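Structure assessment
Residues per chain, in single letters:
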Amino acid sequence: MADKTLIEAIRQAMDEEMERDPSVFIVGEDVGKRGGVFRATQGLYEKYGPERVIDSPLAELSIVGVGIGAALYGMHPICEIQFADFIYPAMNQIISEAAKMCYRSNGVWTVPMVIRAPYGGGIGGGLYHSQSVEAFFTHIPGLKVVIPSNPRDARGLLKSAIRDPNPVLFFEPKKGYRLIRGEVPAEETLVPIGPAEISRAGRDLSVFAYGMMHEYCLQAAEKLAREESIDAEVVDLRTLYPVDRETILASVQKTGKALIVHEDNLTGGYGAEIAATIAGDAFTYLDAPIRRLCGPDVPAVPFSHPLQDWFMPSVEKITQAIRDLHAY
Amino acid sequence: MELSADLKREMFWTMLLARRTDERAWALHRQGRIAFHVSAIGHEAAQVGAAFVLKRGHDWVAPYYRDLAMMIALGQTPRDFVLALMGKREEPNSGGRQMPSHWSFRSANVISHSAPVATQSVHAAGIGLAIKLHKTDQVVLTTIGEGSTSQGEWYEAVNWAAIHRLPVIFMVENNQYAISSPKEKQMAVKTVAEKACGLGLPGVQIDGNNLELVYQTFAEAVARARAGEGPSVIETLVYRITPHSSDDDDRSYRSREEVEEHKHRDPLLLTRNQFERQGVLTPKVVDEMEARAKGLIDEAVQYAEAAPYPDVEEGTYPVYAEDIREKEVNRG
């Protein structure tokens, strides 16, 4: 076991997979000599050379589109979008092309590809370096959407994503890149795409989250267990699409109460799908209304610190939401 | 480079077969036996000349929807096409999932494409990148209409290929209309080829109705690409003799006189006349080809009409690679 930061685990996964499989390559803006603006690819250019760590033109749709073409040829691209906020020019390539390729060709062509993008707020990034974009993609059959919340999963899930025969959107909570540390097994460990994980077992209510919000939920739950004897179960969804319905439903069947937390704005957000799943298939187990704690319905995270703090769910806000739901 | 008589006859036969298949599709549509057709009539010399330069199954192709003659040159049959027109399960492109003329078949490395235009250009750049990394002598041919070169995706693709000197041939089939919009509403430059100059690769405009010129121009570009000398833009100037599709009515945006005038420059007619002058074709040989084409197309229609539709359950897969049912996949 080694203690690593989230970003170190991500880098380790790419390094290991590139070493294992010569068809794996990285393409993105400033991923080469610079090692990526967050240093996710640091050292890989030196190790694997400019043909496998490719600095792209500053044009996101072609980062993805070129990746798709290379994947059709038989390669396994890792496309880095510098910030999730910049992924929109590539939407056509992701939704019209990557997601539909297997279905529309009746399985003759597939797109084994990973699109990595740092997402999320709380880092002073303003409207265009803070967005959470997962809900756009969890609507699209043909894609897989993965968000790790800790270094062990980041490494294991990214390795699985690189080996997956489908397009995988891999969104990384950038606020946690250096904030979240944890043990990473020394041996090769693949974390499968699909299963959620109960990261804290509890009896009183269920909290569903992913990425940075999962970290906050865990902190809130620990604090409430220590100080107020509220025993919250925390479920790290990890794979948002296709989602692990069984784990979600089993948790609610046990606790009878559900809180969903994400930093993306409320309306049409990913939490709505989780709420509908619970309402549809665990209704008779519910002892309280399903609650969602999400970002507000404004266009994106504002820059100025007080405004950003107002936007972002925090450990304090989550603590209060758990407390309220527990009291219902 | 003088082309052999056999090659000329083979290319003419392919053009003829494509034309008659295309015409049958229009007839089937008028008869209410199919719902939709998008035609390649007028594009045959350009498409066949370009396709015959490729090594089938070795090189790669990222086509667009108006490429019937090119697909026939690469190995699709009238039967494949009529099956697709009718949305039958064994059509090779998609098992009845896509509209007709949305090509895909692995035997000729023809990648699946969609309907939003110019997305395939970027895939061609990606395939070109993969070829370069694998250090093979393969090339990629990607096609597009002139209107679609207005898309940012086309520029990004050409830019990528130019930066990395990728073995990609960007073929622009300029038929002078994007549905109803003439070229003047798509670009301020006189030719699409000129756009290439600004991106750092060679671009030429040629007469797309001149089969031998098309063949030779593509042969040179492909040879350069195989030798690692990078991409090219080749604009083949043609004319879309038919409306955009069976749902279009071109009388609202162009005169009958204009269309009639272009029918005199029909590539099938021009090629036949030229090859007869050269002694490559005789009326008798052409008659035999006509009879053979009619037989193939009659059989195709008969076969396709009797062929089964997909079961409704087939609409549920394969969303992911895990869902692929190998025995059902038509890798034709």
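Residues numbered from 1 in each chain as written. Chains lettered and ligands numbered in written order. Predicted model: local features only at pLDDT ≥ 70, side-chain atom pairs only at ≥ 80, totals over all residues.

Moving on to the overall build of chain A. Each helix and strand counted, chain A has 12 helices and 14 strands in total. Radius of gyration (C-alpha) of chain A: 19 Å, near the 20 Å computed for a compact globule of 328 residues. Overall size of chain A, expressed as C-alpha extent along the three principal axes, is 60 × 40 × 40 Å. Put simply, chain A has 328 residues, and 59% of those count as buried. Nonlocal contacts in chain A, meaning residues at least 24 apart in sequence, comprise 80% of its contacts between residues at least 6 apart. (Helix = DSSP H or I, 4+ residues; strand = E, 2+ residues; numbered from the N terminus. Rg over C-alpha atoms; globule rule 2.2 N^0.38 Å. Buried ≥ 20, exposed ≤ 12 C-beta atoms within 10 Å, placed from the backbone. Contact = placed C-beta atoms within 7 Å.)

Take the overall build of chain B next. Broken down by element type, chain B carries 11 helices and 7 strands. Relative to the compact-globule value of 20 Å for 332 residues, chain B shows a C-alpha radius of gyration of 19 Å, a close match. Each of the three principal axes of chain B carries a C-alpha extent, and together these read 55 × 50 × 45 Å. Taking all 332 residues of chain B together, the buried fraction comes to 51%. Within chain B, residue pairs in contact and separated by at least 24 positions form 76% of the contacts whose partners lie at least 6 positions apart.

For chain B, per-residue confidence averages 96 on the pLDDT scale, and 98% of positions sit at 70 or higher. Among the prediction metrics, the complex's ipTM stands at 0.97, with pTM recorded as 0.97. (pLDDT = per-residue confidence, 0-100.)

Of note, the amide linkage connecting Y241(A) to P242(A) takes the cis form, showing an omega dihedral of -5°. For P242(A), the location among the structural elements is in the loop between strand 12 (239–241) and helix 9 (245–255). With an omega of -5°, the peptide bond between Y317(B) and P318(B) qualifies as cis. Its identity is not glycine, yet I179(B) carries a phi of approximately 50°, on the positive side. Along the chain, I179(B) turns up in the loop between strand 4 (177–178) and strand 5 (181–182). By C-beta crowding, I179(B) is classed as partly exposed, having 14 other C-beta atoms within 10 Å.

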